[in-house]
Amino acid sequence: MAINKLFSQRQEEAANPNRVDVYQYDTIPENLRVQVSQIAIESLGKVGILGDSLSPAHDNELWAEIERIFLREKGWRCLSRESLAGHRILNFMGSCPTDNWLDLLELVAHGICVMAGPRYYMERQQWGVEVSAEEAIQEINYRLRRAGVGYQIEENHLIRVDSQFIHSEIVKPALVLLSGKEFDGPRQEFLSAHEHYRAGEYRQAIGSAANALESTFKAIFAQKGWDYQQGMTIKHLVKVARDNKLWPEYLDASFDQLVATLRSGLPEIRNNDSAHGQGAQPKAVPSYIAAYALHLAASKIVFIAEAAKSK
C-alpha cells in the first residue's frame, strides 16, 4: 500500500523543514501499534482463512509460528484466550511493554519475508496477502521514523538508530556491502553488535563491532589471495592492506589519519572496555561509547569494502 501523507502531516513537515531526527526508545505510541498491526495483516495475511474467529485448524500457520517462537523464548504459556494465534498476537501488541513489542515486531518482520517466499504462493491468496514484503518493511520503517521511535528493520533484524543520517549513510551501506556470502562472518558479527547494543550490552557491542571490522579485512584478504596471519591485530591488518595497495597511493597521506583513528579509536575502545577482564568492579561502558564504536566500525567497513570492489 502506498504511503499517503495527510494534509496535517504535510503542514507539520512544512513548518519544521530543518527538524533534526531525534529518537526515543522507551515508548511505543498507540497509533504506531495500530499502524504496524494493519501492515502485518496486509503482508502476513489474515489470522484465519476468513479473518474471523474460526477454529484453530484454520489458523494462519505463520502467525502461529511467531506465537510459538515468542512463547518458547519467553518461557510463557499463552498470550491471551482468543481462538487464533494472530488475534492473540495483535491484541497483545496493542498494549504490551516496549521490549515485548519490539521482540514481536522483529518476529513479524521475519514472518513477512518468509510469507513472500515461493513456498507460500497459495497461502498468500488464501490468507489475503495484499502487499509485498519489501513494501511492508519499507512502510514499517517509515512509520517507526515518523513516530520518532529509534529502530529500523534491516536484514530481518531490528537495529537501533541514533541518527537517521548515520543509519542511511553508514550503517545501511555497511550491511549492503556485507550481504555477499564471502562476508557471512563479518555480517553476523556486525548484526550481533547491534543486537547487543539494542539490549544495552555495550561492552559486548564494542567487542562484536571490532570483530566485524577485523573479519572484513580478513575476508577481503582471502578474496584477493593476500597472505596474513589469523592472529593479526588491527594494526597489522591495516599494514597488509596498505602493502597490497587496497586503496590508491595518492590516498596514503590522508589515510594516515584513518589508520591513527583505527589504532586509537575502535580497537582501543575494545581493548580498554571489552576484550579483557573487568576486574573486581564491573566496568560500566556508556552507551555513547558503544554508539561511537558501532558507527566507526560501519564507516571503516564501508571504506575498505568499497576500496576492494574498485581495485
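Here is a short report on the structure shown in this document. (Residues numbered from 1 in each chain as written. Predicted model: local features only at pLDDT ≥ 70, side-chain atom pairs only at ≥ 80, totals over all residues. Heavy atoms only, no water.)

## With respect to the overall build of the chain
Defined as follows: We count a stretch as a helix when DSSP gives it H or I for four or more residues in a row; a strand needs E for two or more, and each element gets its number in order from the N terminus. When accessible area is computed with a 1.4 Å probe and restricted to protein chains, residues below 20% of their type maximum are described as buried, those above 50% as exposed, and intermediate ones as partly exposed. Contacts: residue pairs with any heavy atoms within 4.5 Å of one another. In these tables, accessible area is a Shrake-Rupley quantity obtained with a 1.4 Å probe, and a residue counts as shielded only by the protein chains included in the view.
From N to C terminus, the chain includes 14 helices and 2 strands. Split into buried and exposed, the 311 residues of the chain put 46% on the buried side. Partitioning the contacts of the chain with sequence separation of at least 6, the portion at a separation of at least 24 is 64%. When the accessible surface of the chain is split by element, carbon and sulfur atoms take 50% of a total near 16,100 Å².

## So, the side chain of Arg 88
As for its placement among the helices and strands, Arg 88 is situated in helix H4 (residues 85–93). Residue classification places Arg 88 among the buried residues on the basis of a relative accessible area of 14%. Residue contacts for Arg 88: discarding those within four places in its chain leaves Asp 59, Glu 67, Leu 79, Ser 80, Glu 82 and Ser 83.

## Quick word on helix H5 (residues 98–115)
Heads up, the condition is: What a helix should span is 1.5 Å times the count of its residues minus one.
Helix length check: H5, at 18 residues, gives a terminal C-alpha distance of 25 Å against a target of 26 Å (1.5 Å per residue), a fit within 8%. Every buried residue of H5 is listed here: Thr 98, Asn 100, Trp 101, Leu 102, Leu 104, Leu 105, Val 108, Ala 109, Gly 111, Ile 112 and Met 115.

## Focus: the pairing of strand S2 (residues 157–160)
Note the following rule: When DSSP finds two or more bridges between a pair of strands, those strands are recorded as paired.
Because side chains alternate across S2, one face comprises the buried residues His 157 and Ile 159, and the other comprises Leu 158 and Arg 160, equally buried. For strand S1 (residues 151–154) and S2, the ladder comprises 4 bridges, and the chain directions are antiparallel. Residue pairing for S2: Ile 153 is matched across the bridge by Leu 158.

## Digging into the layout of surface pockets
Basically, it comes down to this: Every definition here rests on a 1 Å grid over the protein atoms only: cavities are sets of points where a 1.4 Å probe fits but cannot get out, pockets are open sets enclosed by protein on both sides within 12 Å along at least five of seven lines, and lining residues have some atom within 4 Å of a point. Grid points are joined across faces, edges and corners, and a volume is the space filled by probe spheres set on the points. Amino acids outside the nonpolar list (Ala, Val, Leu, Ile, Met, Phe, Trp, Tyr, Cys, Pro) and the charged list (Asp, Glu, Lys, Arg) are all regarded as polar, and Gly is one of them.
Put simply, the second largest pocket is a space of about 220 Å³. Along its surface, the second largest pocket is lined by 16 residues, and Ile 137, Asn 141, Ile 153, Glu 154 and Lys 172 are the ones closest to its centre. For the lining of the second largest pocket, the secondary-structure elements that each account for two or more residues are helix H7 (133–146), S1 and helix H8 (164–177). Per-element accounting of the lining of the second largest pocket gives the leading share, 6 residues, to H7. Residue classes in the lining of the second largest pocket are distributed as 4 nonpolar, 7 polar and 5 charged.

## Digging into the pattern of salt bridges
The following threshold applies: Only one rule defines a salt bridge in this text: a Lys or Arg side-chain nitrogen within 4 Å of an Asp or Glu carboxyl oxygen.
A full pass over the atoms with the stated rule returns 9 salt bridges. Residue Glu 155 pairs with Arg 187 through a salt bridge whose shortest N-O separation is 3.1 Å. Here Glu 155, found in the loop between S1 and S2, pairs with Arg 187, found in helix H9 (residues 184–198); they are 32 residues apart in sequence, far enough to count as distant. The shortest N-O distance in the salt bridge between Glu 306 and Lys 309 comes to 3.8 Å. Of this pair, Glu 306 and Lys 309 both sit in helix H14 (residues 287–310), 3 residues apart, which is roughly one turn of that helix.

## Some remarks on the pairing of S1
On S1, burial covers both faces: Tyr 151 and Ile 153 on one face and Gln 152 and Glu 154 on the other are all buried. Hairpin connection between S1 and S2: a loop of 2 residues separates the two successive antiparallel strands, and Glu 155 in this loop has a positive phi of roughly 55°.

## Notes on the packing of helix H2 (residues 30–44) against H5
Short version of the rule: Axes, fitted as lines to C-alpha atoms, cover a helix only where it is in contact. Angles between the N-to-C directions of the axes lie from 0 to 180 degrees. Roughly parallel here means an angle under 35 degrees, roughly antiparallel means over 145, roughly perpendicular means 65 to 115, and every remaining angle is called oblique. Note on convention: near helix rotated counterclockwise from far helix by under a right angle means a left-handed crossing. Clockwise means right-handed.
The N-to-C vectors of H2 and H5 enclose an angle of 25°; their axes lie 10 Å apart at closest approach. In terms of axis orientation, H2 runs roughly parallel to H5. Crossing angle aside, the handedness with which H2 passes H5 is left-handed. Residues Leu 32, Arg 33, Val 36, Ala 40, Ser 43 and Leu 44 of H2 form the contact with H5, whose participating residues are Trp 101, Leu 105, Val 108, Gly 111, Ile 112 and Met 115.

## Points about the nonpolar core
Put simply, the rule is: In plain words, nonpolar cores are sets of buried Ala, Val, Leu, Ile, Met, Phe, Trp, Tyr and Cys residues tied together by side-chain atoms within 4.5 Å.
In this structure, Leu 44, Trp 63, Trp 101, Leu 105 and Ile 112 are the most contacted members of the largest nonpolar core, which totals 44 residues. With 8 residues, the top contributor of residues to this core is H5. Excluding its chain neighbours within four sequence positions, the residues that come into contact with Ile 112 are Ser 43, Leu 44, Ala 133, Ala 136, Ile 137 and Ile 140. Grouped together as the second largest cluster of nonpolar side chains are 32 residues, Phe 217, Trp 226, Leu 246 and Ile 304 included.

## Thoughts on empty space enclosed by the protein
Applying the stated criterion across every chain, the model contains 1 cavity of 30 Å³ or more. Approximately 50 Å³ is the volume found for the largest cavity. Considering the residues around the largest cavity, the lining is formed by Ile 159, Arg 160, Val 161, Asp 162, Ser 163, Ile 166, His 167, Val 171, His 194, Tyr 197, Leu 294 and His 295. Taken together, the elements giving at least two residues each to the lining of the largest cavity come down to S2, H8, H9 and H14. Here the lining of the largest cavity gets 3 residues from one element, more than from any other, and that element is H8.

## Considerations on the packing of H5 against H7
Between H5 and H7, the least distance of the axes is 9 Å, while the angle of their chain directions is 155°. One finds that H5 runs roughly antiparallel with respect to H7. The hand of the H5/H7 crossing is left-handed. Here Trp 101, Leu 105, Ala 109, Ile 112 and Cys 113 of H5 lie close against H7, whose contacting residues are Ala 133, Ala 136, Ile 137, Ile 140 and Leu 144. When grouped by side-chain class, the residues that make up the contact of H5 with H7 number 10 nonpolar, no polar and no charged.

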